[in-house]
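Topology and contacts: notes
So the chains spell out like this:
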Amino acid sequence: MDKQLLEILVCPVTGLSLSLAESAEIDALNAAIDNGSAEYADGSAVSERVAALLVTRDHATGYRIDDGIPIMLPERGIALPEVS
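Let us look at the structure shown here. (Residues numbered from 1 in each chain as written. Predicted model: local features only at pLDDT ≥ 70, side-chain atom pairs only at ≥ 80, totals over all residues. Heavy atoms only, no water.)

**Regarding the side chain of R64**
With respect to the helices and strands, R64 occurs in strand β3 (residues 61-66). One polar contact links the side chain of R64 to the main-chain carbonyl oxygen of E48, over a distance of 3.1 Å. (Helix = DSSP H or I, 4+ residues; strand = E, 2+ residues; numbered from the N terminus. Polar contact = N/O pair within 3.5 Å; in protein donor to acceptor, adjacent residues only side chain to side chain.)

Given below as structure tokens:
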């Protein structure tokens, strides 16, 4: 993802800055998707695994990146599982 774009993107709900997720965060989310426990902010299930993800500074919410395009709709925020 373009570094300049990443510097200006913020969470559409909280206004927190965003960064690219680490592989451990993506793995934890994909495990939650696989077991059916991952949900979007609108309550619908996340059914497709993610390859890339933007996360809020507090690592509470993620926004998937599909084909290089960040999906920044408020209802498409994903509550992230804790990474241990």
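**A short note on the pattern of salt bridges**
Side chains carrying opposite charge are able to pair once their charged atoms draw close together. Using the criterion set out here, one finds three salt bridges in the structure. A salt bridge links D34 to R49; the nearest nitrogen and oxygen atoms lie 2.5 Å apart. Residue D34 is found in helix α2 (residues 23-34), and its partner R49 is found in the loop between α2 and β2 (53-56); the two are separated by 15 residues along the sequence. A salt bridge links D66 to R64; its shortest N-O distance comes to 3.0 Å. Overall, the relative accessible area of 6% leaves R64 in the buried class. (Salt bridge = Lys/Arg side-chain N within 4 Å of Asp/Glu carboxyl O. Buried < 20%, exposed > 50% of the residue type's maximum accessible area, 1.4 Å probe, protein only.)

**Describing the nonpolar core**
Core analysis: the biggest nonpolar cluster contains 13 residues, and L29, I33, A38, V46 and L53 have the highest contact counts within it. Contributing elements (two or more residues each) for this core: α2 and β2. If one sorts the elements of this core by residue count, α2 sits on top with four residues. For I33, the contacting residues outside a window of four places in its chain are A38, V46, S47, E48, R49 and V50. (Core = buried A, V, L, I, M, F, W, Y, C linked by side-chain atoms within 4.5 Å. Contact = heavy atoms within 4.5 Å.)

**Some words on the pairing of β2**
Across the two faces of β2 the burial is the same, with L53 and V55 and L54 and T56 all buried. One ladder, built from three bridges, connects strand β1 (residues 18-20) with β2; its direction is antiparallel. Paired with L20 across the strands is L54, a residue of β2. Two elements, β2 and β3, share three bridges in a ladder whose sense is antiparallel. Bridge pairing links V55 to G62 in β3. Linking two consecutive strands that pair antiparallel, namely β2 and β3, is a turn of four residues; a positive phi of about 60° is found at H59 within it. (Pairing = 2+ DSSP bridges.)

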